[in-house]
Amino acid sequence: MSPAADRSRVLAVLGPTNTGKTYLAIERMLSYASGVIGFPLRLLARENYDRLVREKGRTRVALVTGEEKIIPSGAQYFACTVESMPLDRSFEFLAIDEIQLAADPERGHIFTDRLLNARGLDETMVLGAETIRPLIRRLVPEAEFLSRPRFSQLTYTGARKLGRLPPRSAVVTFSANEVYHTAELLRRQRGGTAVVLGALSPRTRNAQVELYQSGEVDYLVATDAIGMGLNMDVDHVAFARLDKFDGRHLRRLKAHEIAQIAGRAGRHMADGTFGTTAEADAIEPEIAEAVETHTFDPLRTLMWRNTELDFRSPAQLRRSLERWSPDPVLRRISEADDHLALIALVRDPAVAERAVGPAAVRLLWDVCQVPDFRKVLSDAHTRLLAEVYRQITGQSGRLETDWVAKHIARLARTDGDIDTLVGRLAHIRTWTYIAHRGDWVADARHWQGKARGVEDLLSDALHERLTQRFVDRRQAVLVKSLKGGGELLAAVTRSGDVVVEGQYIGRIEGFRFQPDTATHAEDARALMGAARRALKDEIAARVRRLETGSHEDVALAPDGTLLWDGVAVARIGPGSDILAPAARPLPAELLEPAQRDRIAQRLTAWLAESVAETLRPLFTLRTADLSGPARGLAFQLAEGLGTLRRADVADMVATLDKPGRKRLAALGVEIGGIHVFLPRLTRPRQVAMRALLWATANGHDLPPPLPAAGSLTAHADARWPAAFYQAIGYPRAGGRVARVDRLEALAGACAKLGRQGPFVPTPKLSQLAGCPMADLPGLLDAIGYRGVAGPDGIVTYQRRPDRRARDRRRPPKPTDSPFAKLQALSARR
């Protein structure tokens, strides 16, 4: 269609999101020799500027925003923010994007002004939602309308828990704190999320969007800043809240506002879904249906402010700003930021005395329009504006260079948390705006570069800080890989570190996987899931290595732990009898039941070999070819781990015949006056094994108490019974325990001394027993000797004639009788 045929045409292209309205406008603009498009966000202006540069070249395209101006001398096509459109120039084509923002309480009057007053020489196009159609028809009667249907379907899917949201989801909430809280939860459950806030600089916002678009994370948490123009591959939009604070009060989102945000789901021909998180209220059925069918109540009013301003004085300027609109559908905006700044500044006497005359008042109004990107219009911002006005109305007419340099340099710091960086970014964006006022600063290009450099520095630091806090790259990679279902690329280093898809996830020790300790509980579940898949072959190989490895690969620790290659893999447990313990594999989530059984079988066999080798004299005795009392005594000794009280087997001992005694002696059995025992089981390694076997079979905690290696006596642990000490070959003797062979040697020496009558303990007896003299009385009492103090105070000992002492006495051998001795003497003659 030629420009001549379309001269002065006004076309309203209306429809929901994802209808290609902006694409149509740009294509239409490029069909003309010149054109300008006003976008609602600096970010969108920059994005479309880059697109225009790719199509027409850098020398033919301009970018004009409050903080950035790139205007080549031959520029034909301008991408601008709505506020920064160069209306003093003529363009064949002019377009305004998101025209429904004319109803916005804060910026709506700018859009309304462009709708009413901005025109292209040949064509004017306004783009927006169907809700503004009646008001355009009323205010611009000559306008034509073109409806654009949405390319894809938008479907309401109800509520879902945050951790169950599908990949490529955007979660929307309405405050920075809620964004941070939601992002932290998604980091823990899904590995991370990108974050988009209105307070982010375009550079930071772009970096966060790229983090999402590149697929490094599958989730995005944002305020309603994503509802406009951010073109992302979002499949699902979940509202974490359905109410927002609009600057005055907390209110419920309207249907068309939900639609504007939900419309980010689904790109081009791909359908999208929307819903809520489980913590949010449900969307009413009628609102959900309205969003799905794109049917909303039309707008009733637009925001308006008088543009015919009176600059004769500040008071006249205020009155002109507060003039009522000529049409009832145009509501006068009450408290725009620039208006509030004017009210605050004229209260300053230093400002008021300079704001005299139209030029000074117009300059004051320009200063009032310096934005406060923190959106709080604080006293600090008002003081900054007052100082800017004082300096540019001074003798030089420009800002002092040192003052500008100091303020910009003070912001060039990247320390602090996210909120601190956001605050600095807001400040430097204000200075970027000021630096683009070439009539206010000397060497404007220099200060524009300085401010932009600081903004980029802070933007990159903020992106890094957001990524550090809200993206766990390892978790994200693992979650994505696990959902893919394919084979994971995994490796195990020699030290046991486990690396999956290039990410360290923990260590494998024996058959147990230890997730990286620097993780939350939610993260540990993902790491365990990755390990289960990635280490399946490694675990199987380790089981085979254990089964085919040598005896020396396994060791038994004093606490009953079985070590394989120095790593704990099982514990000793009770088996079929005291000499046949079983191996109990340690819990290992990666082991299958059959693999656990194979490990238990191999290690139980190892235990059997180790016990048999360590206690060889006992096993030799148990398997010896014996009969009668000798066989019974051998069985009892095996059950008693090599030590018995003679009194407990007195009947067996008494009925032993000479061949039986001889056979037992040959097998290493010693029948003493107090105990029957195997002297070859008293070495430390054998004592330790006997202790482990007894404690395991009797359900006592491990490790058991042991006398020091090589000691003959030791203090007894009162928590352990006498049966334990007897089983390890250190029977109790008073408050001490004594090695059984030493106790028997002491009993023999005392018997010799006792035949001559009461005796006094001597150092020789103490040395024989291996105990201090102070402990000797306790040992003597244990073997049946009683101490009696004489008149001179000297204590002498003699055998105690009680039943216990008689039980300990060795029954007389048959060869000790007088008749037997006479027979033996006759035979020798």
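Everything discussed here concerns the structure shown above.
Please read these numbers as outputs of a predicted model, since none were measured by experiment.

Peer 1: What exactly am I supposed to notice about the overall build of the chain here?
Peer 2: Each helix and strand in the chain was counted, giving 32 helices and 34 strands. A compact globule built from 829 residues should have a C-alpha radius of gyration of about 28 Å, whereas the chain, at 47 Å, is more than 25% larger. Along the first, second and third principal axes, the C-alpha atoms of the chain reach 155 × 60 × 45 Å. Considering the chain as a whole, with its 829 residues, one finds that 50% of them fall into the buried category. Taking contacts inside the chain between residues at least 6 apart in sequence as the whole, the part at least 24 apart equals 66%. For the chain, the accessible area works out to roughly 38500 Å², and carbon and sulfur atoms hold 51% of it.

Peer 1: What am I meant to see in the sheet that holds strand β24 (residues 561-564) here?
Peer 2: Within a sheet, each strand pairs with its neighbour through backbone hydrogen bonds, oriented either parallel or antiparallel. Pairing within the open sheet is antiparallel, and its 4 strands lie in the order β23-β24-β25-β26. In this open sheet, the two strands that pair with only one neighbour each are β23 (554-556) and β26 (580-585). Across the sheet, the mean angle from the axis of one strand to that of its neighbour is 35 degrees, orientation sign disregarded. Strand direction decides the pairing type here: β23 and β24, joined by 3 bridges, are antiparallel. When the bridges of β24 are listed, Val 554 appears paired with Trp 564.

Peer 1: Just to check I follow, could you spell out the sheet that holds strand β29 (residues 675-677) for this structure?
Peer 2: A sheet is described by the order of its strands in space; here 3 strands give the open sequence β27-β29-β28, paired in antiparallel fashion. Among the strands making up the open sheet, the edge pair consists of β27 (643-645) and β28 (670-671). The sheet strands contacting helix α23 (residues 628-639) are β27 and β29, and the helix crosses β27 at an angle near 110 degrees.

Peer 1: Would you explain the nonpolar core in this entry?
Peer 2: Most often, soluble globular proteins keep nonpolar side chains buried together rather than apart. Core analysis: the largest hydrophobic core is formed by 61 residues, its most contacted members being Val 388, Leu 399, Ile 428, Trp 431 and Trp 440. Ignoring any residue separated from it by four or fewer positions in sequence, one finds Trp 440 in contact with Leu 363, Asp 366, Val 367, Val 370, Val 388, Ile 392, Arg 398, Leu 399 and Ile 434. Ranked by size, the runner-up nonpolar core spans 57 residues in total, among them Val 36, Ala 45, Met 85 and Leu 94.

Peer 1: For this particular structure, what's the right way to read the packing of aromatic side chains?
Peer 2: What characterises a pair of aromatic rings is the spacing of the ring centres plus the angle enclosed by the ring planes. For the structure shown, the criterion picks out 12 aromatic pairs. Considering the side-chain rings of Trp 694 and Trp 720, the 6.5 Å spacing of their centres and the 50 degrees angle between planes classify their relative orientation as tilted. Of the two residues, Trp 694 sits in helix α26 (residues 684-697) while Trp 720 sits in the loop between β30 (713-715) and α27 (722-727), which places them 26 residues apart along the sequence. Under the relative-accessibility criterion, Trp 720 is labelled buried at 8%.

Peer 1: What's the story with the pattern of salt bridges in this structure? I'm lost.
Peer 2: Close approach of charged atoms allows side chains of opposite charge to pair. In the structure shown here, the tally under the stated rule is 48 salt bridges. The salt bridge involving Glu 27 is made with Arg 51; its shortest N-O contact spans 3.5 Å. With Glu 27 in helix α2 (residues 21-29) and Arg 51 in helix α3 (residues 42-56), the pair connects residues that are 24 residues apart, well separated along the chain. Judged by relative accessible area, which is 34%, Glu 27 ranks as partly exposed. Of the charged contacts, one joins Arg 168 and Asp 218 as a salt bridge, the two residues approaching to 3.1 Å between their closest N and O atoms. Here the residue Arg 168 occupies a position in the loop between β9 (154-160) and β10 (169-172), and Asp 218 occupies one in the loop between α7 (202-213) and β12 (219-222), the gap between them amounting to 50 residues. Considered together, Arg 168 and Asp 218 belong to a single accessibility category, that of buried residues. One salt-bridge network, held together by shared partners, links Arg 42, Arg 46, Asp 50, Glu 67, Glu 68, Arg 429, Arg 452 and Glu 455.

Peer 1: Help me understand helix α16 (residues 418-435) in this model?
Peer 2: Residue pairs three or four apart in sequence face the same way in an α-helix, which turns once every 3.6 residues. In this model α16 runs 25 Å from its N-terminal to its C-terminal C-alpha over 18 residues, within 8% of the 26 Å that 1.5 Å per residue would give. Of all 18 residues in α16, 14 are buried; the element is thus mostly enclosed. One side-chain oxygen at the N-terminal end of α16 lies 3.4 Å from the backbone nitrogen of Asp 419; it belongs to Asp 417.

Peer 1: What exactly am I supposed to notice about unusual backbone geometry here?
Peer 2: Excluding glycine, residues mostly carry a negative phi; peptide bonds, for their part, are mostly trans. Looking along the chain, the bond that leaves Leu 702 and enters Pro 703 is cis, with omega of 0 degrees. Along the chain, Pro 703 turns up in the loop between α26 and β30. Non-glycine residue Asp 443 carries a positive phi angle of around 55 degrees. You can see Asp 443 is positioned in the loop between α16 and α17 (444-470). Among the residues examined, Asp 443 registers a relative accessible area of 51% and is labelled exposed. A positive phi angle is found at Asp 565, which is not glycine, with a value near 55 degrees. For Asp 565, the position within the fold is in the loop between β24 and β25 (567-577).

The rules we used
Residues numbered from 1 in each chain as written. Predicted model: local features only at pLDDT ≥ 70, side-chain atom pairs only at ≥ 80, totals over all residues. Heavy atoms only, no water. Helix = DSSP H or I, 4+ residues; strand = E, 2+ residues; numbered from the N terminus. Rg over C-alpha atoms; globule rule 2.2 N^0.38 Å. Buried < 20%, exposed > 50% of the residue type's maximum accessible area, 1.4 Å probe, protein only. Contact = heavy atoms within 4.5 Å. Areas by Shrake-Rupley, 256 points an atom, 1.4 Å probe, with all protein chains shown as cover. Pairing = 2+ DSSP bridges. Axes fitted to C-alpha atoms, helices over the stretch in contact; angles between N-to-C directions. Core = buried A, V, L, I, M, F, W, Y, C linked by side-chain atoms within 4.5 Å. Phe/Tyr/Trp six-rings, centres within 6.5 Å; stacked < 30°, edge-to-face > 60°. Salt bridge = Lys/Arg side-chain N within 4 Å of Asp/Glu carboxyl O. Expected span 1.5 Å × (residues − 1). Polar contact = N/O pair within 3.5 Å; in protein donor to acceptor, adjacent residues only side chain to side chain.

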